[in-house]
Each structure stands twice: as structure tokens, then as C-alpha cells.
Amino acid sequence: MSTLTQLPAWQQLSQCRARLEQQSLRQAFADDPQRAERYTVRAAGLMLDYAKNRIDQPTLDALLALAEQGGLPQLRDAMFAGEAINNTEGRAVLHTALRNRQRDSILVEGENVVPEVRATLAKMKGFVEQIHNGERTGYTGQAFTDVIAIGIGGSFLGPKVATEALRPYAKPLRMHYVANVDGTALAEKLKKVDPATTLVVMSSKSFTTQETLANTESTRDWFLASGASQADVAKHFVAVSSNVPAAVAFGIDADNVFPMWDWVGGRYSLWSAIGLPIALAVGFDHFEQLLAGAEAMDRHFCEAPLEQNMPVLMGLLALWYDNFFDAQSQVILSYDHYLRGLPAYVQQLDMESNGKGVDKEGNPVDYRTGPVIWGGEGTNGQHAYHQLLHQGTALIPADFILPLNSHNPLGRHHNMLAANCLAQAQALMQGKTLEEAKAELAGKGLSETELDTLAKHKVMPGNRPSNTLLMDQLTPATLGALIALYEHRTFVQGALWGINSFDQWGVELGKVLGNAVLAEIEAENPAYQQDSSTNALIACLRKGHI
Ligand code: F6P
């Protein structure tokens, strides 16, 4: 048995779960007019309404007790202090140091990292300004019009999602993101740009990632094939990496390499020089505001009492459903077109962090860890998968995210969007009873049998939990706070589950096997040393037909 499930608070939560089986959220709202006020917190420009969750005060108290008994405050402080909490890689976890502007000293193994963080930000600022003001040009002397940003995983999704989200702040520079090794992804981007006015930002923390190296090499070939010389590469190609020597060996000019550090996890790295494409897209001042928003959430996470602590509450609620309601997935619903990429971002963040089956000591856990994270953009999803949210057999907790003011106030659109968002959360919570369904159908000329049957299909169980996250407007600062909120929510769950949220060994086997399969696909005389299924599929590939 694990320590977690032995905690007194865990035992209390099991009892709460049994009691809440009978709870109707609809009734809970009717009984307590203060429920919304009681279960709302504000921090760093965000407001979380968590009143539509399957909790009562004793449950919330038990969840907060679990956080204390599970040592959450100490683990959080250890992370911020730079302790090597990523124990399987022996690394500190200090993405928070990248957005810190208050402390002049943060030590990693006795070395103060603040000066190099600030120096890198200064280098980014100078570079971005030179691109924007035309001081730095391509090899023909023309100003840059386009940026191709190459990277994958954490070296891709954060910058891409933030660039999309901050579109209203965009500079006149077209951004193109390429991640997949599928040549089509790159080829389609290259069709749109002119080599003479295209800047290439290659981002790879390790500088060993197959996809990123292949895409950069092919982009360099395309650049050289356009008539540019090898010396011109230095004007057009920059890299971000913690492996500076490898970047230089690859042919990137040493001055054009922006460093990052092994104490920043890939999926937590958009705040580092990995965020260079964001700064190019929206300007360095807005990038700084993004950092400031995240820093405000960091301060809240460190300083607010647990019962008013937004990431703590969200993490505990996610754990509550995962471990006590057997919820196997969680949905993120962005009611803002600019935030359409957030579900994929949180999916990567959460699933790569908490998709672990052993605790920090390597012992299998005997409770569920990370759920499947998925989602999309409202209202589109309402005409698709919301059916399952409302009437399917699975309980899927939802996060609704809504900025109060649109960047594009077009007629009544925003009110309609917002009304849909609120109404979906309400419908999930209150459901529809058989009596209500029958009353709705009465007087429609149906026979009694028809009415009885149809009414059953119209029943909606309700009691389906959700959070609603509001912000005044989607700005660099509120985006920073929102992303940091999800980072810390992920941390809270991983910390209590006792897992290492900061490694990702599970992705390695596929990489190794992928290389072996590639060798067989390309070999003159393949040995066909795989299993029979893989061998047969390799044979198809070699033939080029089935
Ligand atoms: O394969 C997983 C992973 O290592 C991610 O964790 C990382 O963000 C991504 O690949 C890209 O890695 P890199 O930045 O080293 O190219």
C-alpha cells in the first residue's frame, strides 16, 4: 500500500465520496445561496468559480488536509528553492526562475542562475528589436518578413499556442511553426516564404531530436538551393538549445545560439529563449508581460493559503475526480478562438508530466495518476463531443475558459459565445429529470408509450462537474497567468501522487525502435529482425505498395 492512500485525509475522502453519491449539485445550489461566493477565488488577473463541483465543505476540508498531509507546501517550496526534485535526472525544476524578477539570487547546485537568465533575456531583446526595426536583415539586405520556427514537443507547442493566443498583439512578421518530421509539414511552409526574407529559429533543448534536426537540415538545403551561400546561413539561422556546442557543430553561428538550461523541462520552457518566436511574433515588451503574468501566478501559488490557492484547488479537484470518481479524462474548453490551442498545450503539459505508473522510488502506484486531457474550442464542441459530456456514461470534469471582453467585438457575437459557455456548465450541473423531460413533451400529440420512451432519451443526469475560469481579456499577462496556473495544477497532482512529474522516460523506447525500423527501411539488405507484423509492414514500405 502506498503512503498516499494511508493518509487519514484519504480515508476521509473515501467517506466523503460515499456521502456525495447522494448529493445533487442542483440541490446544493438551492440549499446554499452563498455557494458561488464561497467557492470562487481570484488571482493574477484570473477568477476561478469552482462551485459546480461535486464537493461540500467537509470534502474540501479533507482535500486541503490531504495537501498538508501529503507535504504539498514543502514540495512546492523545494521546487522554487532549486532543489533537485527531478530525481531520476538529478535536476532542479526552475522554470519559475525564468519569470522571476524579484529575487536576485536563485541557486542551482550552489550557482546563482539569475544573472544568466537576465543576460539571455537581454540578448533576446536586442535580437528581437533588431529584427523588428530592420537593423538586422537577410543576406540580400532586405528586412525579414517571415519566421520559420522549427522544434517539437515543448520546443514547439508553447511558442505556437502563445503566438496564436496573442495574435491581437502581433508585429508585422509572419510566423510559421514546423514540428512534424512529415516532409509535407515543412514543404507546405516553404512554399509560402521567400528564402531571402525568412529567418529560421531552430529550437531543441537537447539538440538531438530527430524531427528538429531533419527539418533544419532540409530548410538549410532549401536556403542554399535558392542561391544563398554557406556564409549567408549565419544571417538567417539561429538556434535555442542547452547544448550550445552541438548547435555550433551543426553550423549555427555561435553568436546566434540562445542558451537554455537543463533545469528547465521542455514542456515548461516557453518562458526561456524557447519563447524567442513569441517575442518575435508580438514584441519583447509583450513577452515580458507574459512572464510577469506567470510570475504573479507563481507568487500566488507560493503565498496564498491553501484554501484560497487557485492551482492548489484545481489540482485537488482534478485528483478528487481521478482517484475517487474513476474519471479517466478531463476536458479543457476554450471559449475564445485565440485560445483554441490551449487544450493541446495542457494535454502535453499534463500527460507528459503525470503519465507515470511508478512513484519517485520506482514502486508501482496503487491509484490512478494522470488522466487523459483533451478538449477544444467552444462553441464548436457543443455540436460534437458535448453530447458525450452531457449524456455519456463517463464522468468527465470540464474546465470552461472565457475572457469577458473580446478583441473583436462584433455585434452580439461575444454575448452569444459567453452565454453558451455559461449555459453548458449549467446544463452539465443541473441536468434534466424524467419529469422535466415528460413535461416538455406533453401536448405534442405523442401517445403515452411514445412519450415515455422519448422522455427517457431526453433525461440528462446532471451532477457533472466543471470549473469556470474568467479573465477580463486575453492579454499577454493573463495568458502567462493561465499557463502558469496549469503548470502548477499539474505539479500539485504529481506531488501528491508521489511521482516525478519532470522526466519523460516513456517516450524513449519509441525513439530507439524508430531508429532500428528506419535502418531496416533504408538498408540495402534488411535483416527483418523485428516481430512478424513489423517485418511485414517494413516490407510494404520498401515495396511502396500493399
Ligand atoms: O521526446 C520528448 C521530448 O524530449 C520532449 O520532452 C521535448 O519537449 C521534445 O522531445 C523536444 O526535445 P528537444 O527540445 O530536446 O528537441
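Residues numbered from 1 in each chain as written. Predicted model: local features only at pLDDT ≥ 70, side-chain atom pairs only at ≥ 80, totals over all residues. Heavy atoms only, no water.

Colleague: I'm lost on the sheet that holds strand β5 (residues 146–150) in this one. Help?
Modeller: Consider a sheet: its strands pair through backbone hydrogen bonds, and that pairing is either parallel or antiparallel. Pairing is parallel in the open sheet, where 5 strands are placed in the order β6-β5-β7-β8-β9. The sheet is open, and its two edges are formed by β6 (174–178) and β9 (257–259), each paired on a single side. Along the sheet, successive strands turn relative to each other by an average axial angle of 20°, direction set aside. Where strand β8 (residues 237–241) meets β9, 3 bridges bridge the pair, whose relative direction is parallel. Pairing of serine 241 across the sheet is with proline 259, part of β9. (Pairing = 2+ DSSP bridges. Helix = DSSP H or I, 4+ residues; strand = E, 2+ residues; numbered from the N terminus. Axes fitted to C-alpha atoms, helices over the stretch in contact; angles between N-to-C directions.)

Colleague: What's the story with the nonpolar core in this structure? I'm lost.
Modeller: Within soluble globular proteins, side chains that are nonpolar tend to cluster in buried spots. Core analysis: the biggest nonpolar cluster contains 124 residues, and Trp263, Leu276, Leu280, Trp320, Leu482 and Tyr486 have the highest contact counts within it. With 12 residues, the top contributor of residues to this core is helix α21 (residues 476–497). Formed jointly, this core draws a minimum of three residues from each of two domains, domain 1 (4–75 + 306–430 + 464–503) and domain 2 (114–260). The residues touching tryptophan 263, leaving out its near neighbours within four places in the chain, are Ala92, Val93, Leu94, His95, Ala97, Leu98, Val108, Val113 and Val117. Of all hydrophobic cores here, the second largest spans 19 residues; its members include Val178, Leu190, Val193 and Ala247. (Core = buried A, V, L, I, M, F, W, Y, C linked by side-chain atoms within 4.5 Å. Buried < 20%, exposed > 50% of the residue type's maximum accessible area, 1.4 Å probe, protein only. Domains from an automatic or database assignment. Contact = heavy atoms within 4.5 Å.)

Colleague: I tried to follow the confidence of the model for the protein on my own but got confused; where do I start?
Modeller: Low-pLDDT portions of the prediction should not be read for the details of their coordinates. Within the protein, residue pLDDT values average 97, and 100% of them lie at 70 or more. Reported confidence for the predicted complex is 0.97 by ipTM and 0.97 by pTM. (pLDDT = per-residue confidence, 0-100.)

Colleague: Which parts of the structure should I look at to understand the domain arrangement of the protein?
Modeller: A common way to state how big an interface is: give the accessible area lost once the parts meet. One can read the domain layout of the protein as domain 1 (4–75 + 306–430 + 464–503), domain 2 (114–260) and domain 3 (506–543). For domain 2 versus domain 3, the distance between C-alpha centres works out to 32 Å.

Colleague: Where do I start with the UniProt feature "active site" (unreviewed entry) in the protein in this structure?
Modeller: In this structure's numbering, the residues bearing the UniProt feature "active site" (unreviewed entry) are Glu352, His383 and Lys511. Spatial dispersion of the annotated residues is evident: they stretch over 160 residues in sequence, and the largest pairwise C-alpha distance comes to 37.5 Å. Lining of the largest pocket among the annotated residues: Glu352 and Lys511. Residue placement: histidine 383 occurs in the loop between β11 (372–377) and α17 (386–391). Given the relative accessible area of 70%, histidine 383 is considered exposed. With relative accessibility at 46%, the residue lysine 511 sits in the partly exposed group. (UniProt positions renumbered as here; feature names shortened; annotations may be inferred. 1 Å grid on protein atoms, 1.4 Å probe; cavity = no way out; pocket = protein on both sides within 12 Å on 5 of 7 lines; lining within 4 Å.)

Colleague: What am I meant to see in the pattern of salt bridges here?
Modeller: A side chain of one charge can pair with a side chain of the opposite charge if their charged atoms are brought near each other. With the rule as written, the count across this model stands at 26 salt bridges. One salt bridge connects lysine 356 with aspartate 503, and the closest N-O pair in it is separated by 2.9 Å. With lysine 356 in the loop between α16 (342–354) and β11 and aspartate 503 in the loop between α21 and α22 (508–522), the pair connects residues that are 147 residues apart, well separated along the chain. One exposure class covers both lysine 356 and aspartate 503, and it is buried. Residues joined in a network through salt bridges with shared partners are Glu89, Arg91 and Asp262. (Salt bridge = Lys/Arg side-chain N within 4 Å of Asp/Glu carboxyl O.)

Colleague: Could you clarify how one ought to interpret the side chain of serine 272 in this entry?
Modeller: Take serine 272: it is sitting in the loop between β9 and α13 (276–282). In terms of polar contacts, serine 272 uses its side chain to reach the backbone carbonyl oxygen of serine 269, at 2.7 Å. In this structure serine 272 touches Leu98, Met124, Met260 and Phe287, once residues within four positions along its chain are discounted. (Polar contact = N/O pair within 3.5 Å; in protein donor to acceptor, adjacent residues only side chain to side chain.)

Colleague: Hey, could you run me through empty space enclosed by the protein in this one?
Modeller: One simple way to see leftover space: roll a probe sized like a water molecule over the atoms. In the structure shown here, the tally under the stated rule is 3 cavities of 30 Å³ or more. The computed volume of the largest cavity comes to approximately 70 Å³. In this structure, the largest cavity is lined by 13 residues; those nearest its centre are Tyr321, Gln330, Pro397, Asp399 and Asn467. Counting residues per element, the ones that place at least two in the lining of the largest cavity are α15 (310–324), β12 (398–405) and β13 (466–473). Sort the elements by how many residues they give to the lining of the largest cavity and α15 lands first, with 4 residues. (Points joined across faces, edges and corners; volume = space filled by probe spheres on them.)

Colleague: What is the right way to read the side chain of glutamate 377 from this model?
Modeller: By the secondary structure assignment, glutamate 377 is in strand β11. The buried charged residue glutamate 377 lacks any salt bridge, with arginine 340 as its nearest oppositely charged partner at 5.2 Å. Looking at glutamate 377, its side chain comes within polar contact range of the side chain of histidine 337, at 2.4 Å. In this view, glutamate 377 contacts Ser334, His337, Arg340 and Tyr385; residues no more than four positions away in its chain are not counted. (Lys, Arg positive; Asp, Glu negative; His and termini not counted.)

Colleague: In this structure, what is going on with the site of the ligand? I would like to understand it.
Modeller: By nearness alone, 13 residues border the ligand, and Ser155, Ser204, Lys205, Ser206 and Thr209 come closest of all. Serine 206 places a polar side-chain atom, nitrogen or oxygen, 2.6 Å from an oxygen atom of the ligand. Within the contact set of the ligand, an oxygen atom lies 2.5 Å away from a side-chain nitrogen or oxygen of threonine 209. Starting from 390 Å² of accessible surface for the ligand in isolation, the protein chains cover 87%. The pocket occupied by the ligand, as judged from atoms lying within 2 Å of grid points, is the largest pocket. (Near = heavy atom within 4 Å. Areas by Shrake-Rupley, 256 points an atom, 1.4 Å probe, with all protein chains shown as cover. Sits in = over half its atoms within 2 Å of the grid points.)

Colleague: What's the story with the sheet that holds strand β10 (residues 329–334) in this structure? I'm lost.
Modeller: With mixed pairing, 6 strands are arranged side by side in an open sheet as β1-β2-β13-β12-β10-β11. Among the strands making up the open sheet, the edge pair consists of β1 (40–43) and β11. Taking each pair of neighbouring strands and ignoring which way they run, the sheet shows an average axis angle of 20°. Pairing geometry for strand β2 (residues 46–49) and β13, over 4 bridges, is antiparallel. Pairing of methionine 47 across the sheet is with leucine 470, part of β13. Each of β2, β10, β11, β12 and β13 touches α21; the most contacted strand, β13, lies at about 155° to it.

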